Amino acid sequence: MIGRNGAWRGLLLTIGAACATGFFMLRHGVPAARRPDREGPVPGMEFHEWMKHEEHAMSDTTLPMIGTKVASTTRIVPVILSGGTGSRLWPLSRASYPKQLWSLVGARTMLQETASRGVGAMFEAPIVLCNNDHRFLIAEQLREAGIEQARIVLEPAGRNSAAAIAAAALLVAETDPDAVLWIMAADAVITRPETLEQLLPAAAAAAQRGHIVVFGMHPTRPETGYGYIEAGRALPGVPEASVVAGFIEKPDAATAAELVESGKYMWNSGMFVFTARTLLDEMEAHAPAVLAPVRQAVERRASDLIFQRLDAASFLSTPDISFDYAVMEHTDHAAVIAGDFGWTDIGSWDALWDIGTKDAGGNVTQGHVCLESVHDSYVRSDDLLTAVVGVDDVVVVATRDAVLVTQRSRAQDVKKIVARLQAQGRKEAEAHNRCYRPWGFYESLIQDARFQVKRIVVLPGEKLSLQKHYHRAEHWVVVSGVALVTRNEERITVHENESIYLPQECTHRMENPGRIPLVLIEIQTGSYLGEDDIIRFEDTYNRT
C-alpha cells in the first residue's frame, strides 16, 4: 500500500514528465497535421489548433522559453511585391519579362526563391501583388514551385510600394485585422534563409506589440544603391529588436564609407513585419492620401479567373510613393532587427558579380562565353557566342536582340540607357524578342516590310483566342505535336510536317489537344503586321 506522501510524489513525477515532454515539443516541434488545402487531408488537427484548445487547461502554467515568446497560434502572411521592371538589369530584365521571373542565382527564378521562404507551418498562403501583364507567368511559376493557394492581386499600374503594401494589409484585415504580415520584394537574394527564419518569431512578437519591424543587414561594403538604418535603444520586451533612430536614403560613396566605418548603420533590406491593424493605423496617420484610394480600389476589386483585380480608377489616383517615404520615416513605431542572413538587392549587374562564383581571374560567367586576359568581370550570354579579350572590371551581357557593355563601376547607370531607348521608341527597351502569353510563347525569327516569320509554342491543353486579322494572312507549319485549327466553320487537325493557310479576315483559332508542346512556324504576309491588328471574339483568358 502506498501512503499519501508516496501518492503525491508519484503524481508530481507524472506531471513533471508531462511538462517536460510538452516543453520538448514546444522547443523542438511536432509534426503538424497536413493542411487539406495544401497537401491533402490527414486525420487530426493542426498543432497550433491543439495548443489553442489546451490554453485554458495550461493557463496557470508558465513554461520557460528561450528568446522572444510569440503566441502559439501566430501564423504569418507572406506578401510578395512583384511589380518592378528592373531596368538596371537591362537587356535581360525588361518590362515584358522582369528580373524576378529570371533564374539569376541558382536554378529557380527569383520569384520562386522568394515564395519558398514563406512555406511551412509558420505561414499562411502568400499574397502576390503584380503587374497585370505578368499574371499568367507568375501563376505558372508559383505552380511549378508547388505553391498552389497564393492570392494573386493585380495592380492596374505601378504606384510604388506604399500602395501595394496598403492593398495587402486591407485584404488581410477583412478576415483578421491582427494578422501578422511579412513584406518581401520578389527580386532580393537571401543566401542564409535559415538565419532569417530564426529572426521571424522576434519580428512577429514586436509586430504584435504594435511596431513596424524592418530587417536590417550588417553591411559588408560601402554601397550607394541601398538605404541605411541607424539602430537606437533596445526594444522593451523583444531583446532581438531595437528602436529605429533614423533612416538615410541612398548615400554618395563618401557618406556610405563613413556609415559602414561607424558600425552604427545597417542596410535597409526592404522587408517589413507588422500587423494589418498597425499598418492601417499608421497609414491613416501619415499617408491618408495613399490609403483612401487604395481602400476604395480593394473594396471595388473584381475576380478574374484565379486573380483579383484592384479597381483601376481608384488605384490610379494613388500617389506614387515608396513605403519608406510614406510611413517609415514618419512613424514613431519603427523597429529594426539586425542579422547576417546574406541579403542582397539584385539591383545591378555589379551586384550579380559580387555574389557570383568567380574563376581564377575573378570573373563570373554564364552561357556561351569565351574569355582571354579578362579579370574581375561579369560576362553573360543567353544566345550568341560572346568573346571578350583584354579588359578588366567590365560587364558584358548579350541577349538575342541586344548587347550591353559597361564598366562595373557604372552598372547603376544602365537605367539611363533604358530611358534613352524609351525616348527613341525602341521596342528593345520594353520587350524581349520572345513574348510570353498564357498559352505559351512566340518569338520573331525574320521580319521585313511585308512578311514576318515566327516560332510559336503552345502548351498542352491550351488554345489561342478565336480571332481574325484585317491586314495579314498566315501560313502555319507544324514542326512537332498536333494542332487543332478552327478556320471559319471548319475544324481541321494538322499533324507534324503538315501546313494550313489562313486567308486575310478569316476567323481562326489554334489549339493543342496533345500531351506535348505544339511547335509551329507561322509565316505572316500583308500590308501591316503589328500585334494590334487583332479582333478577339472568344478567349479562355478573358482578354476579349
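Here the structure is shown first, and the text comes after it.
None of these values were measured; they are calculated from a predicted model.

What counts and how
Residues numbered from 1 in each chain as written. Predicted model: local features only at pLDDT ≥ 70, side-chain atom pairs only at ≥ 80, totals over all residues. Heavy atoms only, no water. Helix = DSSP H or I, 4+ residues; strand = E, 2+ residues; numbered from the N terminus. Buried < 20%, exposed > 50% of the residue type's maximum accessible area, 1.4 Å probe, protein only. Contact = heavy atoms within 4.5 Å. Pairing = 2+ DSSP bridges. Axes fitted to C-alpha atoms, helices over the stretch in contact; angles between N-to-C directions. Parallel < 35°, antiparallel > 145°, perpendicular 65-115°, else oblique. Left-handed = near helix turned anticlockwise from the far one by under 90°. Polar contact = N/O pair within 3.5 Å; in protein donor to acceptor, adjacent residues only side chain to side chain. Nonpolar A, V, L, I, M, F, W, Y, C, P; charged D, E, K, R; others polar. Phe/Tyr/Trp six-rings, centres within 6.5 Å; stacked < 30°, edge-to-face > 60°. Right-handed = clockwise from strand over helix to strand, strands pointing away. Core = buried A, V, L, I, M, F, W, Y, C linked by side-chain atoms within 4.5 Å.

1. Thoughts on the overall build of the protein chain
Line of reasoning, step 1. Of regular secondary structure, the protein chain possesses 13 helices and 28 strands.
Line of reasoning, step 2. The 544 residues of the protein chain split such that 47% are buried.
Line of reasoning, step 3. Here the contacts in the protein chain between residues at least 6 apart in sequence split such that 69% fall between residues at least 24 apart.

2. Side note on the sheet that holds strand S16 (residues 394–398)
Line of reasoning, step 1. Pairing within the open sheet is mixed, and its four strands lie in the order S14-S15-S16-S17. Lying at the two open borders of the sheet, with one neighbouring strand each, are strand S14 (364–372) and strand S17 (403–407). Within this sheet the neighbouring strands show an average axis-to-axis angle of 20°, counted without direction.
Line of reasoning, step 2. Looking at chain direction, S16 and S17 are connected through five bridges and run antiparallel. The partner of valine 397 across the bridge, within S17, is leucine 404.

3. Some thoughts on the sheet that holds strand S25 (residues 499–502)
Line of reasoning, step 1. Ordered in space as S18-S19-S20-S27-S22-S25, the six strands form an open sheet in which the pairing is antiparallel. Looking at which strands have only one partner, the edges of the open sheet turn out to be strand S18 (434–437) and S25. With strand direction ignored, the average angle separating the axes of adjacent strands in the sheet is 20°.
Line of reasoning, step 2. Pairing between strand S22 (residues 472–480) and S25: four bridges, direction antiparallel. Bridge pairing in S25 links histidine 475 to tyrosine 501.

4. Topic: the packing of helix H5 (residues 160–173) against helix H9 (residues 288–299)
Line of reasoning, step 1. Where H5 meets H9, the closest approach of the two axes is 9 Å, and the angle between their N-to-C directions is 50°. Our classification of the angle between H5 and H9 gives oblique. Of the two possible hands of crossing, H5 and H9 adopt the one that is right-handed. In contact with Ala162, Ala163, Ala166, Ala167, Leu170 and Leu171 of H5, H9 contributes Val290, Leu291, Val294, Arg295 and Val298.

5. Describing the environment of glutamate 174
Line of reasoning, step 1. Inspection of the secondary structure assignment puts glutamate 174 in the loop between H5 and strand S4 (180–185).
Line of reasoning, step 2. Considering only alpha carbons, one finds glutamate 174 and alanine 276, 102 residues apart in sequence, at a separation of 9.5 Å.
Line of reasoning, step 3. Residues in contact with glutamate 174, not counting those within four places in the same chain, are Val298 and Arg301.
Line of reasoning, step 4. There is a polar contact of 2.9 Å between the side chain of glutamate 174 and the side chain of arginine 301.

6. A word on the packing of H5 against helix H8 (residues 276–286)
Line of reasoning, step 1. Where H5 contacts H8, the axes come no closer than 9 Å and their chain directions differ by 130°. The orientation of H5 with respect to H8, classified from their angle, is oblique. In this structure, H5 meets H8 at a crossing whose hand is left-handed. The segment H5 lies against H8, with Ala162, Ile165, Ala166, Ala169, Leu170, Val172 and Ala173 engaging Ala276, Leu279, Leu280 and Met283.
Line of reasoning, step 2. Grouping the amino acids of the contact of H5 with H8 by side-chain chemistry returns 11 nonpolar, no polar and no charged.

7. What about the packing of aromatic side chains?
Line of reasoning, step 1. Tallied over the entire structure, the rule returns 13 aromatic pairs.
Line of reasoning, step 2. Measuring from ring centre to ring centre gives 6.2 Å for phenylalanine 215 and phenylalanine 341, while their planes differ by 85°; the resulting arrangement is edge-to-face. Placement of the pair is phenylalanine 215 in strand S6 (residues 212–217) and phenylalanine 341 in the loop between strand S12 (334–339) and strand S13 (343–345), with a sequence separation of 126 residues.
Line of reasoning, step 3. On the basis of an interplanar angle of 50° and a centroid distance of 5.7 Å, the ring pair of tyrosine 436 and phenylalanine 441 is categorised as tilted.

8. A word on the pairing of strand S1 (residues 76–82)
Line of reasoning, step 1. For S1, the buried fraction is high: seven of the seven residues fall into the buried class.
Line of reasoning, step 2. The alternating pattern of S1 places Ile76, Pro78, Ile80 and Ser82 on one face and Val77, Val79 and Leu81 on the opposite face, and all of these are buried.
Line of reasoning, step 3. Note: S1 against S4, six bridges, orientation parallel. For proline 78, the partnering residue across the bridge sits in S4 and is tryptophan 182.
Line of reasoning, step 4. Bridging between S1 and strand S2 (residues 127–131) involves four bridges; their strand directions are parallel. Counted as the bridge partner of leucine 81 is leucine 129 from S2.
Line of reasoning, step 5. Following the backbone out of S1, through helix H3 (residues 110–116) and into the adjacent parallel S2, one traces a crossover that is right-handed.

9. Focus: the nonpolar core
Line of reasoning, step 1. One finds Trp182, Phe215, Met271, Val273, Phe341, Trp343 and Trp349 to be the most contacted residues of the largest nonpolar core, which totals 73 residues.
Line of reasoning, step 2. With eight residues, helix H6 (residues 193–208) is the single largest residue contributor to this core.
Line of reasoning, step 3. With near-sequence residues (within four places) excluded, phenylalanine 341 lies in contact with Ile190, Thr191, Arg192, Thr195, Leu196, Leu199, Phe215, Gly216, Met217 and Met271.

10. Comments concerning the side chain of glutamine 452
Line of reasoning, step 1. Structurally, glutamine 452 is set in strand S20 (residues 451–458).
Line of reasoning, step 2. Relative accessible area serves as the criterion here: at 5%, glutamine 452 is assigned to the buried category.

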